[in-house]
Amino acid sequence: MTLIKQLQAPEEFVGYYLIKELEVKQTNTTPAKDFMDIVLCDASGQISAKLWDASASDKETFFPMTLVKVQGLVQTYRDKLQVKIGKLRKALPEDGVHITDFIRSAPISPIDLIHTINQVLESIANPTIKSIVSFCVSKVEEKLNHSPAAKTHHHAYFGGLAYHIVRMLEIGEFICKQRPFLNPDLIKAGIILHDIAKPEEMIAQLGIVSDYSVQGKLLGHISMASNWITEAALHHGIDLQSDVVIGLQHIVLSHHNLPEWGSPVLPQIPEAVALHYIDSMDAKLQMVEDTLLTTPETEAWTPMIRGLENKAMYRLNL
């Protein structure tokens, strides 16, 4: 079976893939005809695909998170690979394939990631900060080990959020040693809390986001996490006007840095400045790594990376 990462144009292929996204659209022809705009994925990556002349039966059969057998032709459209689907059917039990084989996952097991996060949480010396962080983590404890960190931009796969947090904690530990004026407890807490509401913001199955929740659409993970800090303070009888509560809320509320990026306030304490750049560094480097991993090694240039101002990456031949 050909992995998505191995597909090249022009090439005919047959293989099993997971429908990650699907939308029924209409052509601009007269009369208009229905077609399916599909994103196929496997553990190696994803690719856009089109099923032209979609029938009524097709529209009743194929949906996101459906495992399918595809016969198709790889083409190039606007400098990107795209599949023209010739034949499409659901995978059958006798095909011997399982949906978990087609899911991209963090390179470290969820058990190890959660263990690391809990170890860091326990290392927080300030008992007030620790109690607030523990309360917030407990709200998503069951989802944290499999939730993605985003729908598309970075760490958008099974276990991606926990992986993102752990990688940030590693960067944070280094920066706190290099810059002793930073409060390590606030850095640890900010890293764990900054995206802690993502599992409630997004509706995800096996690391694939299908939509945003009502809270996610109306409030967003930044506001939700800030509210959870308030809830934690009330639960533990902590003064809402204390520097701990206000400081943690500020770190969360400012971690996107600018209003146009989703932050209602700008970073105005040292740990908030540090957190924003730790978050940005890990997210952007992960975008680069993910793109390199899912681009055929025969390609010198990667596709454009939306989160990096639509820049492509070039592989140096060293």
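For the structure itself, consult the block above.
A few points on the structure. Since we're looking at a predicted model, the values are computed, not measured.

### Describing the packing of aromatic side chains
- What the rule picks out here adds up to three aromatic pairs.
- Judged by centre distance (4.7 Å) and plane angle (35°), the ring pair of F35 and W52 falls under tilted. Of this pair, F35 sits in strand β2 (residues 34-42) while W52 is found in the loop between β3 (45-51) and α1 (56-61), placing the two residues 17 residues apart along the sequence.
- According to the relative accessible area criterion, F35 is buried, its value standing at 8%.
- Judged by relative accessible area, W52 falls into the partly exposed class, the value being 38%.
- Summarising the aromatic geometry, the rings of W301 and Y314 are spaced 5.0 Å apart at their centres and angled 50° between planes, so their arrangement reads as tilted. With a gap of 13 residues between them, W301 in the segment after α11 (270-293) and Y314 in the segment after α11 connect regions that are remote in the sequence.
- The ring of W228 carries K139 above its face, with NZ or CZ at 5.3 Å from the centroid.

### So, the pattern of salt bridges
- Evaluation of the coordinates by the stated rule reveals 13 salt bridges.
- Here K50 ties to D37 by a salt bridge, and the two come within 3.0 Å at their closest N and O atoms. Of this pair, K50 sits in strand β3 while D37 is found in strand β2, placing the two residues 13 residues apart along the sequence. As far as the burial class goes, K50 and D37 line up, both buried.
- Across the pair E309 and K311 runs a salt bridge whose closest N-O atoms are separated by 3.0 Å.
- The exposed category is assigned to E309, whose relative accessible area is 56%.
- A network of salt bridges, in which partner residues are shared, links K25, D37 and K50.

### Some words on unusual backbone geometry
- Residue P10 is reached from A9 by a cis peptide bond, and omega for that bond is -10°.
- Within the secondary structure, P10 is located in the segment before β1 (11-26).
- A cis amide bond links T30 to the next residue, P31, at an omega of 0°.
- Phi at H155 is positive, roughly 50°, even though this residue is not glycine.
- Relative to the helices and strands, H155 resides in the loop between α4 (141-144) and α5 (160-178).
- What makes H155 buried here is its relative accessible area of 0%.

Conventions and cut-offs
- Residues numbered from 1 in each chain as written.
- Predicted model: local features only at pLDDT ≥ 70, side-chain atom pairs only at ≥ 80, totals over all residues.
- Heavy atoms only, no water.
- Phe/Tyr/Trp six-rings, centres within 6.5 Å; stacked < 30°, edge-to-face > 60°.
- Helix = DSSP H or I, 4+ residues; strand = E, 2+ residues; numbered from the N terminus.
- Buried < 20%, exposed > 50% of the residue type's maximum accessible area, 1.4 Å probe, protein only.
- Lys NZ or Arg CZ within 6 Å of the ring centre and 35° of its normal.
- Salt bridge = Lys/Arg side-chain N within 4 Å of Asp/Glu carboxyl O.

What is shown is where atoms sit, not what they do.
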